[in-house]
Amino acid sequence: MATEKTTISGKILHNSFWYGLETILETVVFLGTSIAVARYLGPTKLGYYSYIGLFVNVITRTSGTGISSATRKYMSEFLGLDQIGAARAVYNLAYRYQLLGTLFVTSLSMAAVLFFGEPGYKLMSAILVASIVPGVMSWVPAQANQAFEDVSNNTFSAFGYLVSYTIVIVLTVHYRLDLIGVASAMFIGRTVEVILRTIPLHAKLRKLPLDTLPADVIERIKRFCIQAVGIQLLMSVVWDRSEIWFLKWFSGLEQIGFYSISFTLVNNLLVVPRTFGNATGISLMVQATREPERIDGIVRNACRYLLFVALPVHFGAAAIARAAVGFAYDARYVPAIPVIVIASILSVPRAFQEISEVLMRAADRQKELLTWLSITGLVNIVLDYFLIRRYGAVGAAWGNGLAQAFGIVVVWEQARRFYKFSFPIQTAVRFFCASSIMGAIALFVCHEVRGLPGLILAVATAVPIYLFLVKVFHGLAADDRQRLEPIGNRLPGAARRLYVSIIEFITPVSA
């Protein structure tokens, strides 16, 4: 593994493995607990919790993203130039700013809850607001680990968060602690995560030299942070369930509950694409400084693998949505089925979001990114206003999905102004055809065989059919065998042999 990690491909695969492990655990935990909580609370209470949680999530992501993005950007830049002491100085500056800003924002939020919160929900809201502190303070250490191109420590700390969160959720459902218990799970889980993430990183940094940052670098970091905060605010409008505000105003808490579970399920679909995209983004940030001429090859290969995974997962989810909701939820959530179908298909472009945004930040072009995200946010608000008023949660899914697709396309085109890279259109067509046929077959199976047996049979049928169609449509190339087979080295014996056999089947033999 040590030799494998010295190459760009090796680093991407190494980080993909740890990202994959983390995201698989997150998917299992959050999907399972979200279903349990949704069944326990019902659509109305779930809607109110989602409404308050949206405010906390926007504050957490906005407060955390600005400075942490600067941490990753400038630590990666200095590490790429072998200026380790300057990289450590960037972290110290960012962590100090993050702590002061977090305490200030959390104090204001807590005061707002105490003075303006609804009486029956003040304690729950206060616990959620308190979770802002550990939630935000875990961002800078996480981005520092990414700058070192090793995210294994992030995975270990996330595991601690997931275990503690699950325990509290189970106790909440068992002892019927209601919304207070669910909010406490978030606070306790985030606290465990930040402790496990910060302590090992600080021990590592203390062994490195420490330089003094020039005044112009500090000014660049400040400017970058301000722009990043503005970008995250806009991204919260486009990507972080901003439709909940419109739904509460026009449709009520029940529609919020329907949209919330669809949003949660669709986010779980993005587990593998987001894993590989983030791992690719880590190497792109460094290579943009070190060897920018290699970006085109990295991006094209990354997009091909993202298409290979994202299209069948999203099309397949849309096909089995009715059967899955009928099995996991009760009759109260049947109106959420069309919301899930629409959101599943329209969220495919999100698999490619990370690549273009990382390149824009690497080029220090956050101003252009901010401009186009502002336009995207405006498009999203207009769509939400007209669609949600008439169609409720279904309109929210259309508005969010269309606005996201628009934003990703325009940011992608902007990134191409500063780096030379392209999108593999022919490969996209091949995977689209394979995924469409697979989805149609899965839909037919679910329609003919009802209930859980139909759901299991649809999935069991769809997977081998898709792999066969990938071979038929020549979705992968001979070189992909050499890139994909090393991933199987981390699997146990039987699983490794099965994985290698599948890769050898779907990839052509090298001439």
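Residues numbered from 1 in each chain as written. Predicted model: local features only at pLDDT ≥ 70, side-chain atom pairs only at ≥ 80, totals over all residues. Heavy atoms only, no water.

Trainee: Looking at this structure, how should I read the overall build of the chain?
Mentor: Within the chain, the secondary structure is distributed over 21 helices and zero strands. For 511 residues, the compact-globule estimate of 2.2 N^0.38 gives 24 Å, and the chain sits close to it at 23 Å. Overall, the C-alpha framework of the chain stretches about 70 × 70 × 45 Å when taken along its three principal axes. When burial is assessed residue by residue, the chain has 54% of its 511 residues classed as buried. Considering only contacts in the chain between residues 6 or more positions apart, those separated by 24 or more positions represent 83%. Accessible surface computed for the chain: about 22100 Å², of which carbon and sulfur atoms make up 67%. (Helix = DSSP H or I, 4+ residues; strand = E, 2+ residues; numbered from the N terminus. Rg over C-alpha atoms; globule rule 2.2 N^0.38 Å. Buried < 20%, exposed > 50% of the residue type's maximum accessible area, 1.4 Å probe, protein only. Contact = heavy atoms within 4.5 Å. Areas by Shrake-Rupley, 256 points an atom, 1.4 Å probe, with all protein chains shown as cover.)

Trainee: I tried to follow the pattern of salt bridges on my own but got confused; where do I start?
Mentor: Close approach of charged atoms lets side chains of opposite charge pair. Under the definition given, this model contains 10 salt bridges. For Lys 73, the salt bridge is made with Glu 77, and the minimal N-O distance between the two is 3.3 Å. Of this pair, Lys 73 and Glu 77 both sit in helix H1 (residues 8–80), separated by four residues, roughly a single helical turn. Exposure class is identical for Lys 73 and Glu 77. Each is buried. (Salt bridge = Lys/Arg side-chain N within 4 Å of Asp/Glu carboxyl O.)

Trainee: So what exactly am I meant to see when it comes to a nonpolar patch on the surface here?
Mentor: Taken together, the side chains of Phe 159, Val 163, Ile 167, Leu 171, Tyr 175 and Leu 177 define a hydrophobic patch exposed on the protein surface, amounting to about 580 Å² of accessible area. With respect to the secondary-structure elements, Val 163 resides in helix H6 (residues 152–175). (Patch = residues over 30% accessible without salt bridge, like charges linked within 9 Å, V, L, I, M, F, W, Y side chains within 5 Å.)

Trainee: When you look at the confidence of the model for the chain in this model, what are you seeing that I'm missing?
Mentor: Predicted coordinates in areas of low pLDDT are best not read in detail. Per-residue pLDDT for the chain averages 85, and the proportion of residues at 70 or more is 90%. Mean pLDDT per element in the chain: helix H11 (residues 271–290) is the minimum at 67, and helix H18 (residues 425–448) is the maximum at 95. In this model residues 1–6 is a low-confidence stretch, pLDDT under 50, and it forms 12 contacts with partners more than four residues away in sequence or in other chains. (pLDDT = per-residue confidence, 0-100.)

Trainee: Would you take a moment to explain helix H14 (residues 337–346) for this structure?
Mentor: For an α-helix the count is 3.6 residues per turn, leaving residues at separations of three or four pointing the same way. Counting buried positions along H14 yields seven of 10 residues, so the element is predominantly enclosed. For H14, the set of buried residues is Ile 337, Val 339, Ile 340, Ile 342, Ala 343, Ser 344 and Leu 346. Buried positions along H14 lie against helix H10 (253–269), helix H12 (295–319), helix H13 (321–328) and helix H17 (393–415).

Trainee: Honestly, the packing of helix H2 (residues 84–116) against helix H7 (residues 178–205) in this entry has me stumped. Any pointers?
Mentor: If you want to describe how two helices pack, look at the angle between their axes and the distance between the axes. Contact pair H2 / H7: the axes reach a minimum separation of 11 Å and the direction vectors enclose 140°. With respect to their mutual orientation, H2 and H7 come out oblique. When the axes of H2 and H7 are compared, the crossing they make is left-handed. Here Arg 88, Tyr 91 and Tyr 95 of H2 come into contact with H7, specifically with Thr 198, Leu 201, His 202 and Leu 205. Taken together, the residues of the contact of H2 with H7 break down into four nonpolar, two polar and one charged. (Axes fitted to C-alpha atoms, helices over the stretch in contact; angles between N-to-C directions. Parallel < 35°, antiparallel > 145°, perpendicular 65-115°, else oblique. Left-handed = near helix turned anticlockwise from the far one by under 90°. Nonpolar A, V, L, I, M, F, W, Y, C, P; charged D, E, K, R; others polar.)

Trainee: Would you mind showing me how to read the environment of Ala 310 here?
Mentor: As for its placement among the helices and strands, Ala 310 is situated in helix H12. For Ala 310, a relative accessible area of 0% translates into the label buried. Considered as a pair, Ala 310 and Tyr 74 are 236 residues apart in the sequence and their alpha carbons are 31 Å apart. When near neighbours in sequence (up to four residues on either side) are disregarded, Ala 310 contacts Pro 273 and Ala 351.

Trainee: What exactly am I supposed to notice about the nonpolar core here?
Mentor: In globular proteins that are soluble, nonpolar side chains generally tend to be buried together. In this structure, Met 124, Leu 128, Tyr 259, Ile 261, Tyr 329 and Tyr 333 are the most contacted members of the largest nonpolar core, which totals 57 residues. Sorting elements by how many residues they give to this core places H1 first, with 14 residues. One finds Leu 373, Val 445, Ala 458 and Tyr 499 within the second-largest nonpolar core, a separate group that totals 53 residues. (Core = buried A, V, L, I, M, F, W, Y, C linked by side-chain atoms within 4.5 Å.)

Trainee: Quick question: what am I supposed to make of the packing of aromatic side chains here?
Mentor: Where two aromatic rings form a pair, the distance of their centres and the angle of their planes describe that pair. Counted by the stated rule, this structure contains 17 aromatic pairs. Both rings, one in Tyr 74 and one in Phe 224, keep their centres 5.6 Å apart while their planes meet at 80°; by these two values the pair is edge-to-face. Placement of the pair is Tyr 74 in helix H1 and Phe 224 in helix H8 (residues 215–239), with a sequence separation of 150 residues. When sorted by exposure, Tyr 74 lands in the same class as Phe 224, which is buried. Residues Tyr 91 and Tyr 95 carry aromatic rings whose centres are separated by 5.8 Å and whose planes lie at 25° to one another, so their mutual orientation is stacked. On the criterion of helical spacing, the pair formed by Tyr 91 and Tyr 95 is a turn pair, its members being four residues apart in helix H2. Taken together through their ring pairs, the aromatic side chains of Phe 246, Phe 250, Tyr 385 and Phe 386 make up a single cluster. Stacked on the ring of Tyr 161, the Lys or Arg Arg 190 has its end atom at 4.4 Å from the ring centre. (Phe/Tyr/Trp six-rings, centres within 6.5 Å; stacked < 30°, edge-to-face > 60°. Lys NZ or Arg CZ within 6 Å of the ring centre and 35° of its normal.)

Trainee: So what exactly am I meant to see when it comes to the side chain of Arg 481 here?
Mentor: Counting through the fold element by element, Arg 481 comes out in helix H20 (residues 479–484). Under the relative-accessibility criterion, Arg 481 is labelled buried at 19%. The contacts of Arg 481, once residues within four sequence positions are left out, are Pro 486, Ile 503, Glu 504, Thr 507, Pro 508 and Val 509.

Trainee: Just to check I follow, could you spell out the environment of Ala 158 for this structure?
Mentor: Note on placement: Ala 158 falls in helix H6. In contact with Ala 158, not counting residues within four places along its chain, are Glu 22, Glu 26, Glu 193 and Arg 197.

Trainee: I'm lost on unusual backbone geometry in this one. Help?
Mentor: Trans is the common state for peptide bonds, and a negative phi is the common state for residues other than glycine. A positive phi angle, close to 60°, is found at Asp 82, a residue other than glycine. The class for Asp 82 is exposed, based on a relative accessible area of 64%. Here Arg 176, not a glycine, exhibits a phi torsion of approximately 55°, which is positive. Tracing the backbone shows Arg 176 in the loop between H6 and H7.

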